[in-house]
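Below, each chain spelled out in residue letters.
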Amino acid sequence: MHEAIFLKALRGEACHPHPVWFMRQAGRYLPEYRAVREKAGSFLDLCFSPEMAADVTLQPIRRYDLDAAILFADILLMPMVLGQDLAFESGEGPKLSPALGSSEFDPSLLRNMDIVAPVYETVRLVRAGLAKEKALIGFAGAPWTVATYMIAGHGVKDTAALRRFAYDQPDRFAALISALEDVTIEYLCGQVAAGADALQLFESWASGLPADFVRQWCLAPAARIAGAVKKRHPGVPVLAFPKGAGSLYLDFAAEPVFDGLSLGTEVDWQWARDNLSAKTLQGGLDPLLVAAGGDGMRDAARRLRDTFAGSPYIFNLGHGFVPDTPPENVAELVSIIRE
């Protein structure tokens with residue numbers, strides 16, 4: 001069977017042209033997504049409606065002929081499995097209750113994996129509707145990133161109070177991370193069983209953390225998750241995205257259970273090529289350049305493409321598309337990658 005070029009790159013093959021997909025490639029910048037989103041009602045209703053979620057997962061593949069689809073879901077489904085209520089309020093982002101930082105809520109008391117059964121059905125529908133030469137990426141949030149929302153009850157930009165929670169209540173924090181590891185392993189294995197070809201762990205809040213904290217609470221849990229998934233599903237590649245980890249990307253690159261690393265917008269491309277070549281690398285382009293378009297986008301895309309020429313690399317962004325990205329700019333970007 002013809003292997004997807006995305007998977008070839010993840011297995012260490014230098015492909016020409018580079019395989020391409022984008023974080024948040026299915027989202028508000030696409031008019032077809034907005035139409036389905038309006039029909040669905042709430043964001044969570046869309047996540048838990050397999051036919052609609054499969055449709056929006058496939059929309060960017062139909063429009064741009066990308067090399068991989070990524071499951072349409074959200075990183076905050078695991079708190080629901082662990083007993084927190086989740087709601088998305090317009091203009092305010094996610095709200096989780098009760099927040100761990102201001103309650104005695106114990107997430108280890110409830111683990112209801114049935115909540116995410118619709119996500120597995122979405123994976124099955126997408127895989128059935130996706131050409132064999134296209135890869136399907138499953139994903140989850142890494143424990144620290146998910147824990148930040150669970151502790152605060154909402155998204156935060158400054159993690160100081162969350163680190164203080166870890167320092168003041170180490171046993172409770174360790175139990176939370178352990179519970180997140182357990183349910184995330186089950187969740188990702190469920191995605192693979194349903195048809196996901198590869199997985200990505202999003203560690204979106206690694207920026208600004210002490211190095212020892214990153215190693216203990218970001219790298220180690222993500223590695224344990226990846227290792228447990230690979231034990232059950234040998235050969236399934238796993239990408240890590242330690243956004244903002246800086247020089248600690250080197251520690252992630254040294255971890256054998258990761259097949260690839262996603263580069264944030266802050267990572268110097270040549271440094272990554274020179275120092276992280278033990279892994280397949282992915283991403284790095286500023287999504288705001290795509291929103292702006294023009295020569296800035298074109299020049300940066302060609303430089304990024306050429307920096308990783310002859311190495312196992314997957315073209316992507318350093319973060320997800322912003323909602324005001326013109327779809328025609330994305331189409332032009334894809335054509336530049338495939339020149």
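Just so we're clear, the structure is a prediction, and the values are computed from it rather than from any experiment.

Engineer: Run through the environment of Ala142, naming residues and quoting values.
Structural biologist: For Ala142, the location among the structural elements is in the loop between strand 4 (135–141) and helix 7 (143–152). For the pair Ala142 and Phe241, spaced 99 residues apart in sequence, the C-alpha separation works out to 9.0 Å. In contact with Ala142, not counting residues within four places along its chain, are Leu201, Phe202 and Glu203.

Engineer: I'd like a description of the side chain of Lys279, backed by residues and values.
Structural biologist: By secondary structure assignment, the location of Lys279 is in the loop between helix 12 (269–275) and strand 8 (280–283). Despite its burial, Lys279 pairs with no opposite charge, the nearest such side chain being Asp259 at 6.7 Å. Here Phe258 takes part through its backbone oxygen, which lies 2.6 Å from a polar atom of the side chain of Lys279. Setting aside chain neighbours within four positions, we find Lys279 in contact with Phe252, Ala253, Glu255, Pro256, Phe258, Asp259, Gly260 and Leu261.

Engineer: Give a description of the UniProt feature "site: Transition state stabilizer" (unreviewed entry) in the protein that names residues and reports values.
Structural biologist: Under the local residue numbering, the UniProt record ascribes the feature "site: Transition state stabilizer" (unreviewed entry) to Asp74. Asp74 gets classed as buried once you look at its relative accessible area, which sits at 16%. Not counting the four nearest positions on each side in its chain, Asp74 is found in contact with Phe43, Cys47, Phe88 and Phe139.

Engineer: A description of the sheet that holds strand 4 should follow, citing residues and the corresponding values.
Structural biologist: Here 7 strands make up an open sheet; going across it, the order is 1-4-5-6-7-8-9 and the pairing parallel. Of all the strands in the sheet, just strand 1 (68–70) and strand 9 (313–314) have a single pairing partner and so form its edges. In the sheet, strand 7 (residues 260–263) pairs with strand 8 via 4 bridges, with the strands oriented parallel. In the sheet register, Leu263 faces strand 8, and the bridge partner there is Gly283. Packing against the sheet, helix 9 (residues 170–194) makes contact with strand 4 and strand 5 (198–203), and its axis sits at approximately 170° to strand 4.

Engineer: So what's going on with the nonpolar core? Which residues, and what values?
Structural biologist: Soluble globular proteins: nonpolar side chains tend toward being buried together. Ranked by size, the top nonpolar core spans 131 residues in total, and within it Phe6, Phe22, Phe258 and Phe315 carry the most contacts. Tallying contributions element by element places helix 9 first for this core, with 12 residues. If we skip the residues at most four places from it in the chain, Phe258 touches Leu219, Ala222, Ala223, Ala226, Val238, Ala240, Phe252 and Lys279.

Engineer: I'd like to hear about the pairing of strand 3 (residues 93–97), residue by residue, with values.
Structural biologist: For strand 2 (residues 85–89) and strand 3, the ladder comprises 5 bridges, and the chain directions are antiparallel. Considered in strand 3, the bridge of Ala87 is made with Lys95. What sits between the antiparallel neighbours strand 2 and strand 3 is a turn of 3 residues, in which Gly91 has the positive phi angle 80°.

Engineer: So what's going on with unusual backbone geometry? Residues and values would help.
Structural biologist: Each neighbour pair has its own omega, and for His16 with Pro17 the value is -5°, a cis peptide bond. Note that Pro17 resides in the loop between helix 1 (5–10) and helix 2 (31–40). Cis peptide bonds are those with omega within 30 degrees of zero, and the linkage from Ser97 to Pro98 qualifies with -5°. Secondary-structure assignment places Pro98 in the loop between strand 3 and helix 6 (117–129).

Engineer: Tell me about the packing of helix 9 against helix 10 (residues 211–232), residues and numbers included.
Structural biologist: Closest axis-to-axis distance for the helix 9/helix 10 pair is 9 Å, and the angle between their directions is 30°. Judged by the angle between their axes, helix 9 and helix 10 are roughly parallel. The interaxial crossing formed by helix 9 with helix 10 has right-handed handedness. Contact residues: Phe173, Ala174, Ile177, Glu181, Thr184, Ile185, Glu186, Leu188 and Cys189 in helix 9; Phe213, Trp217, Pro221, Arg224, Ile225, Ala228, Val229 and Arg232 in helix 10. Class assignment for the residues of the contact of helix 9 with helix 10 results in 12 nonpolar, 1 polar and 4 charged.

Calculation criteria
- Residues numbered from 1 in each chain as written.
- Predicted model: local features only at pLDDT ≥ 70, side-chain atom pairs only at ≥ 80, totals over all residues.
- Heavy atoms only, no water.
- Helix = DSSP H or I, 4+ residues; strand = E, 2+ residues; numbered from the N terminus.
- Contact = heavy atoms within 4.5 Å.
- Buried < 20%, exposed > 50% of the residue type's maximum accessible area, 1.4 Å probe, protein only.
- Lys, Arg positive; Asp, Glu negative; His and termini not counted.
- Salt bridge = Lys/Arg side-chain N within 4 Å of Asp/Glu carboxyl O.
- Polar contact = N/O pair within 3.5 Å; in protein donor to acceptor, adjacent residues only side chain to side chain.
- UniProt positions renumbered as here; feature names shortened; annotations may be inferred.
- Pairing = 2+ DSSP bridges.
- Axes fitted to C-alpha atoms, helices over the stretch in contact; angles between N-to-C directions.
- Core = buried A, V, L, I, M, F, W, Y, C linked by side-chain atoms within 4.5 Å.
- Parallel < 35°, antiparallel > 145°, perpendicular 65-115°, else oblique.
- Left-handed = near helix turned anticlockwise from the far one by under 90°.
- Nonpolar A, V, L, I, M, F, W, Y, C, P; charged D, E, K, R; others polar.

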